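Secondary and tertiary structure notes
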Amino acid sequence: MSVVARIVVTQVVMSGIAVLAFFFIAPEQGRAATFAMASVVLPSAFYAWFVQRTFNATRLLLHGVWRVLLTAVLMAVCIIVFRVEPLGFFVTLGWVQLAYLAPGVLRWQSST
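What counts and how
- Residues numbered from 1 in each chain as written.
- Predicted model: local features only at pLDDT ≥ 70, side-chain atom pairs only at ≥ 80, totals over all residues.
- Heavy atoms only, no water.
- Helix = DSSP H or I, 4+ residues; strand = E, 2+ residues; numbered from the N terminus.
- Buried < 20%, exposed > 50% of the residue type's maximum accessible area, 1.4 Å probe, protein only.
- Contact = heavy atoms within 4.5 Å.
- Areas by Shrake-Rupley, 256 points an atom, 1.4 Å probe, with all protein chains shown as cover.
- Core = buried A, V, L, I, M, F, W, Y, C linked by side-chain atoms within 4.5 Å.
- Phe/Tyr/Trp six-rings, centres within 6.5 Å; stacked < 30°, edge-to-face > 60°.
- Expected span 1.5 Å × (residues − 1).
- Patch = residues over 30% accessible without salt bridge, like charges linked within 9 Å, V, L, I, M, F, W, Y side chains within 5 Å.
- Salt bridge = Lys/Arg side-chain N within 4 Å of Asp/Glu carboxyl O.
- pLDDT = per-residue confidence, 0-100.

What to know about the overall build of the protein chain
Counting secondary structure elements, the protein chain contains five helices and zero strands. Going from N to C terminus, the protein chain has its helices and strands arranged as α-α-α-α-α. The dimensions of the protein chain, computed from C-alpha atoms along their principal axes, are 40 × 35 × 15 Å. Counting only residues that meet the buried cut, the protein chain has 36% of its 112 residues in that class. Considering only residue pairs separated by 6 or more positions, the protein chain has 71% of its internal contacts joining residues 24 or more positions apart. As presented, the protein chain carries roughly 6900 Å² of accessible surface, and 76% of it is formed by carbon and sulfur atoms.

What follows is the structure, given as structure tokens:
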């Protein structure tokens, strides 16, 4: 499995844990966590799909920028249109961003 695909899988697992935890706290917090999950995982999944199909560095960089912009747009839509609860949304958003560290940590653990 590629590093990018591993990141997306880790994001799905981590955000799933956050969504379940926040639904136990309060349904509206769980809903906010679900929107945060979608805001991060959807652009990352699209980027992972694209990375598997090209080796052009310029296009990879451009699509990386689009991934960041799409994440920001989805966050803004969730906050403005759906009026999500800030606690569940931003905690989940921050928690899922830690998934970018997972491939390095997992590689380090497997090499020892």
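Structural notes on the nonpolar core
Listed in full, the nine residues of the largest apolar core are Ala32, Phe35, Ala36, Val40, Cys78, Val84, Phe89, Leu93 and Val96. Sorting the residues of this core by element identifies helix 2 (27–51) and helix 4 (86–97) as the ones contributing at least two each. Residues within four places of Val40 in sequence aside, it is in contact with Gln11, Leu93, Val96 and Gln97.

What about the packing of aromatic side chains?
Within the structure shown, the criterion is met by three aromatic pairs. Plain terms: the ring middles of Phe89 and Phe90 are 5.2 Å apart, the flat faces sit at 90 degrees to each other, and that makes the pair edge-to-face. Among the residues examined, Phe89 registers a relative accessible area of 0% and is labelled buried. A residue is classified by how much of its surface remains accessible, and Phe90, at 43% relative accessible area, is partly exposed.

Here's the deal with helix 1 (residues 3–25)
Its 23 residues place the ends of helix 1 33 Å apart at the C-alpha level, agreeing with the 33 Å of an ideal helix rising 1.5 Å per residue. The complete set of buried residues in helix 1 reads Ile7, Val8, Thr10, Gln11, Met14, Ser15, Ala18, Val19 and Phe22.

Observations concerning a nonpolar patch on the surface
A contiguous nonpolar surface patch, about 690 Å² in accessible area, is contributed by Leu70, Val73, Val77, Ile79, Ile80, Val81, Phe82 and Phe90. Counting residues per element, the nonpolar patch draws most heavily on helix 3 (residues 57–80), at five residues. Take Val73: it is sitting in helix 3. By relative accessible area, Val73 is classed as partly exposed at 48%.

Quick word on the confidence of the model for the protein chain
For the protein chain, per-residue confidence averages 90 on the pLDDT scale, and 91% of positions sit at 70 or higher. For the protein chain, helix 5 (residues 102–110) is the element with the lowest average pLDDT, namely 61, and helix 4 is the one with the highest, namely 96.

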